[in-house]
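# Commentary on secondary and tertiary structure
Each chain is listed here by its residues.
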Amino acid sequence: MTPSRKIAAALDENTRAFTPPCSIAIDDGPVRLTLEIAALDSVGVALDALEYRDAERKEWTAEDLNAWGDRLRDRLTYLMEPVHVLEVDGGAGEVLLRSKTPSRRGEARNYYEIRLRRDGSCRVERFAFDDVERRRGRVPCQLTREVLERLADDLAASTR
């Protein structure tokens, strides 16, 4: 069963069984997806974060992480804003992707932030930067179930 099908089954189950906020972990062989759910209904989900972990590869080089970031950039064109590789920190073993053009909501600019780490993990979050207060804070990623399922499959496919 693909990660997307496992997510669909878990969300169907948790729509009835749990009250958000809650966390759901889905295992698919060496791949583990953890969803930090802020809200959930039959149409969509608001995620505080999505953690992806591929335990098959123990150590990613800076070049491998950069290539992974490029693959994600090319695949994740359906998110609210397309993402691009913003920073490659070979010493820390991390690559940062961020929305190329943040969306405006009032006085805030909203954007995705995706961190790839040398241990084969990835964290997807959404932030808002308040122009007046000059501060940023995490906000939920609002995704339809179909987009979340596609995101899960694209994360898994991008590591192969």
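Everything here concerns the structure above.
For the structure given in this document, a descriptive report is provided here. Given the structure is predicted, the values throughout are model-derived calculations rather than measurements. Think of each chain on its own: its residues are numbered from 1, step by step along the sequence as written. Selection of residues for local features in this predicted model requires a pLDDT of at least 70, selection of side-chain atom pairs for listing and counting requires 80 or more, and totals for whole chains, interfaces and linings are taken over all residues. To get the side-chain values, all heavy atoms of the structure are used, and hydrogens and water are removed first.

## Some thoughts on unusual backbone geometry
To keep things clear, this is the line we draw: Working definition: helices are DSSP H or I runs of at least four residues, strands are E runs of at least two. Numbering for both runs from the N terminus.
The phi angle at Arg 134 is positive, at roughly 55 degrees, despite the residue not being glycine. With respect to the helices, strands and loops of the structure, Arg 134 is situated in the loop between β8 (121–130) and β9 (135–139).

## Notes on the environment of Val 31
To keep things clear, this is the line we draw: Residue burial is assigned from relative accessible area. The probe radius is 1.4 Å, only protein chains are included, and a residue is buried under 20% of its type maximum, exposed over 50%, and partly exposed in between.
With respect to the helices and strands, the residue Val 31 is situated in strand β2 (residues 31–40). On the accessibility criterion, Val 31 (4% relative accessible area) is buried. Along the backbone, Val 31 and Cys 122 are 91 residues apart, and their C-alpha atoms lie at a distance of 11 Å.

## A short note on the environment of Val 45
Going by this rule: What makes two residues a contact is simply this: any of their non-hydrogen atoms within 4.5 Å.
Within the fold, Val 45 resides in strand β3 (residues 44–54). Residue classification places Val 45 among the buried positions, given a relative accessible area of 4%. With 91 residues separating them along the chain, Val 45 and Arg 136 place their C-alpha atoms 22 Å apart. The contact partners of Val 45, leaving out residues within four places of it in the chain, are Ile 37, Ala 39, Leu 40, Cys 141, Gln 142, Leu 143 and Leu 148.

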